[in-house]
Amino acid sequence: MLNLKIIPIIILAAAFVFTGCSDSTTGADDAPVSEIDIKTVENLHAPFDRENPGSTPFVYFNLRTGEIVDAAEAESDNWDIGFRGTSIIINAGSSGPGNAGVVMIDVPFDEVSIAPSEGYRQDSADEPAITGNGGWYTYTGNGNPPRAIISHDDTTIILKTADGNHFAKLNIMSYYEGNPDYGTEEFANFQTRPASQHFTFKYAIQLTEGLRELK
Amino acid sequence: MSRVAAITSSFILVIAIASPLKAQIIHGFIMNDEGEPLADVHVAVENSAVSTVSNESGLFRLQLENGSQESVSLLLSRIGYQTDFIKVDLSEPQSKPLTITLKQKIYRSEAVVVTATRTQQDIENVSIPVSVVTGEEMHKTGSMRLSDILSEQTGMQIVSDHGTGVQIQGFDPDYTLIMIDGSPVIGRTAGTLDLSRISVRNVEQIEIVKGPSSALWGSDALAGVVNIITKRATEELSGGITTRYGKNNTLDLSGDFSLNKFGVNSHIFGNLNSSAGYRLNPGVVSQTVPEFNNVTIGYRGDTRLSDQFEISGNIRWFRESQQNRSIVNNQSGEAELLNSDNFRSDFMGSGEVKFTPANRFNLTMSWITNHYGTESELSFAATDQLYSRSAFNQTFNQPEFKAAYRWSDSQKTLAGMGAIFEQVDAERFPGQPSFTTQFLFTQHSWSLSQNFEVTGGIRYDSHSEYSSQLSPKISTRYRVSDWIQFRASAGRGFKAPDFRQLFLDFTNTTAGYSVFGSSTVVEGIERQRTEGAIDQILIPLDSLNEIRAESSWALNTGFDIDPTPNLRFRMNLFRNNVSDLIETAPVARLTNGQSVFTYFNVDEVYTQGAEAEFRLRFAEQIDASLGYQYLDAQRRVERERILQDDQGELVQQTNVSFEPMFNRSRHSGNFSIFYESNNGWGANLRGLFRGRFGLFDRNGNGFVDSNELEPGYTVWNAALTRRVGKLATIQAGADNIFNYININQPFLAGRLWYAQVSISF
């Protein structure tokens, strides 16, 4: 049951940059213009059947288009990030042919204004670039709420897209259907907890190639 | 009644001897309000060095230095009683003994406690914080289970985690030792010993010691000790029944019978307790508290075989069955209803022989044997087919040998040694692991004066599975004057790693990870390595340190002030530094990408706070009390964070801070007022307040943020009692009168009314 809603908000932050600048040698057209696209994806269902992993492939997502990509295109640059259960992969290294990269920083999404120039990691067979427990989420174990995957609201994943050309920032808002409040008895109780493996995330992508500005 | 006759006859004897000695001798009898003789009353002649102490029959005899005065003033003092002056006329020969009645102070002092020092001691003379809940108080409040009565004590916060436990000085229930007549109660689930297992209907008193007591009691006595002292036969023949019925179809039926004949004291007790349970969350098929019924049977007996030998024995058996429902998702993802049947049983037995070869010396040999077991069965409601079955069994045996020697009136020593044999039998602990603890302890008390005492003790525990423990403790009290007394204690407490932490051998077949206890990890990883499942070992196995017990150093200091005989103010300040708290961490990576976890000593915590209590009596009929606890409990949190500099480049930062812990209320308190009329009516009103506390970790950072606080609440309980005739008492009451319901506090059932009838003879 795929319940995918995309809310695009286009911000043309630097639309007025051209005004005073008309030097013929550089050319107004060459000045890079920051154009940031902010989207929220709700309830992306990414099931994982541990008993039968083959039956549940990753759900591939293209941040540039904001769309889910068919699993048949796994061996292409057409996707940037993939989801399956609590595993999140990027299109690079051991996970795909692309040139994606990731840094995870402990800064809230809204406060990240620029992507770092270096430090990007790729998936390896040993370790995914997007760290699970302690990375994008905390598994609560015997804590309260018990045995829950609590996404970190102050962790931001900064990505390079699979084509290596765009920077983006992303925050996983929830692993549960409907992005529920973690601080309720309804969530703490397994009988009333919403279904897991439903990702809600927001991201902002710099549409201008090579620009690191994210805000 | 026969005792009074004996005292009277001994008087006559004293008079007969005393009368020829004329006025230089003063003799008398001292008793309390209830006519019981009072021992240890200090009787001093004013402006002279002459003094004496009353004996066990309350009698004293004073010889004056010379007979020239016409009268003297006697100063009578005893701890726990109001000091009294009496004038004695010496001009005429004393023809009969003086009869003096001393009045008790507000803080009832007949309480003799054993938990603080393992010797009988007047509560007023104990140098560590001890409080006593009397059987009378439990009766007046209609308490059925241990959790009911502990919830109303200052500094005791009831919390729910796989059972109803008690938080003391900010410690989880795991860290409080619960005992019945000095025998530890076993059988914890996720660290919590469910206090609703223990009926308090046949209880003489409950002694609560706060602060670490491992120097005497060993493991688990880290936050404190709750020792339940059951009734002992004192009269020749006595007994009673109590029955209570209340909301949720809750029935409690208790009976006890005591016989003290042919030199044997016997007390038999039985309790039946059942309830339909209740549901706080209507959206869930499981009841919050399931339907249950349980039975408790106990026997306590003792006899004196000769002047030198005493033997005593104690047996207690409990069994409970619970019925509940739950759901499970079947392979096609559909929810199916399950019926669950849970049983738990608890057997405790102990025997003791006390040998007193000389007046100042005694030896005690004892054996404690405990068995706790649970059985759980889940079956499909539709087909009655079995879904799963599990069982857990735990045994505990403790032989102990103890010697006590009184060197002089001011010095006494206690020393002991023993062993604990434990075994656990459950699926998750393959091979029925068993383990042994050997221990030695000693304690010395020195009364430098009647007002100044120091007690020091130390215990050594050597365990087959984890590091040895040395637990010292020193405490002192100093009575500055009649109305103020200070006390201070410092000591160490520990909690042994639990079964999981030692012996777990668990692989989650669906997720693919494994968890091993510290005693099974090396063997478990070797096994997985030969199976080819290990990808990488993160921590070399030979560098894994032996696991240590969780331990704490604590300081407690406080004072009692009695400005008037009817008012007492008691205060205690505490600080606990806890280290080596046990957490899981990965030790190896499996070829399937999952990890192997084991247990490490990592966490640090501190708790500190203050506890204050006012007790007030007016008009002899009203007792009021007000209690308050301030608590600050913080956990050490080490965070490695990746941040950005001005250019957006990555910077790594490590910060260590102490952050608030979950489920701790900074403020909590209680209020109570008890009224007792002369014509058989009694009434009481009790209020319990719990301040804000963190409950759900909304952001997974492991500590309480300001947006994670749940609101505080107050619960009011009341009861009305009427004595009918000489034998019967009827009672009606309501707990949680204003029907406070919080789904997160499952032990609060909403408003509960009840009626109770008790008959005693």
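Model, not experiment: these values are computed from the prediction.

Visitor: I'd like a description of the interface of chain B and chain A, backed by residues and values.
Guide: Contacts between the two partners involve 26 residues from chain B and, on the opposite side, 31 residues from chain A. Considering each element in turn, the side of chain B that touches chain A owes the most residues, 4 residues, to strand β36 (residues 622-644) of chain B. Among the residues making up the side of chain B that touches chain A, the classes are represented as 12 nonpolar, 9 polar and 5 charged.

Visitor: Residues and numbers for the sheet that holds strand β14 (residues 183-184) of chain B, please.
Guide: Residues and elements named next belong to chain B. Reading across the sheet, the 5 strands line up as β10-β15-β16-β13-β14 and stay open at both edges, with mixed pairing between neighbours. Among the strands making up the open sheet, the edge pair consists of β10 (130-134) and β14. Sheet topology note: the strand β13 (residues 176-180)/strand β16 (residues 224-230) ladder contains 5 bridges and is parallel. In the sheet register, Thr176 faces β16, and the bridge partner there is Gly224.

Visitor: Tell me what's going on with the confidence of the model for chain A, and back it up with residues and numbers.
Guide: On average, residues of chain A score 84 in pLDDT, and 85% of them reach the 70 mark or higher. In the predicted structure, residues 1-27 of chain A sits below a pLDDT of 50 and forms 31 contacts with residues beyond four places in sequence or in another chain.

Visitor: Mind laying out helix α6 (residues 521-530) of chain B, listing which residues take part and the relevant values?
Guide: Residue and element names in this part refer to chain B. Restricting attention to buried positions, one finds in α6 the residues Val521, Gly524 and Ile525. Seen from one end, α6 has its buried residues packed into an arc of 95 degrees, which puts them on one side. Residues of α6 that are exposed and point more than 90 degrees away from the buried face comprise Glu523, Glu526 and Thr530. On its buried face, α6 is in contact with β30 (505-507), β31 (514-516), β32 (534-537), β34 (567-590) and β35 (595-618). Taken from the residues just after α6, Gly532 is the one with a positive phi, measuring 75 degrees.

Visitor: Got a sec to walk through the confidence of the model for chain B? Specific residues and values, please.
Guide: All names here are of chain B. Per-residue confidence for chain B gives a mean pLDDT of 88; residues scoring 70 or more make up 95%. Long-range and interchain partners of residues 1-23, a stretch whose pLDDT sits below 50, account for 18 contacts in this model, where long-range means more than four residues apart. At the level of chain-chain contacts, confidence expressed as ipTM amounts to 0.81, with global pTM at 0.82.

Visitor: Break down the nonpolar core for me, with residues and values.
Guide: Counting 52 residues, the largest nonpolar core has Val130, Ile206 and Ile228 of chain B as its most contacted members. Residues contacting Ile206 of chain B, with those up to four places away along its chain left out, are Val132, Val133, Ile149, Val226 and Ile228 of chain B. In this structure, Met104, Phe109, Ala129 and Tyr175 of chain A belong to the second largest nonpolar core, which totals 51 residues.

Visitor: An account of the environment of Arg692 of chain B is requested, with residue identities and associated values reported.
Guide: All names here are of chain B. Counting through the fold element by element, Arg692 comes out in the loop between β39 (681-690) and β40 (693-694). Exposure remark for Arg692: the 15 C-beta atoms within 10 Å place this residue in the partly exposed category. Ignoring sequence-local partners within four residues, the contact set of Arg692 consists of Ser665, Leu709, Glu710, Pro711 and Gly712.

So, how was this worked out
- Residues numbered from 1 in each chain as written.
- Chains lettered and ligands numbered in written order.
- Predicted model: local features only at pLDDT ≥ 70, side-chain atom pairs only at ≥ 80, totals over all residues.
- Contact = placed C-beta atoms within 7 Å.
- Helix = DSSP H or I, 4+ residues; strand = E, 2+ residues; numbered from the N terminus.
- Nonpolar A, V, L, I, M, F, W, Y, C, P; charged D, E, K, R; others polar.
- Pairing = 2+ DSSP bridges.
- pLDDT = per-residue confidence, 0-100.
- Buried ≥ 20, exposed ≤ 12 C-beta atoms within 10 Å, placed from the backbone.
- Arc of directions from axis to C-beta.
- Core = buried A, V, L, I, M, F, W, Y, C linked by C-beta atoms within 7 Å.

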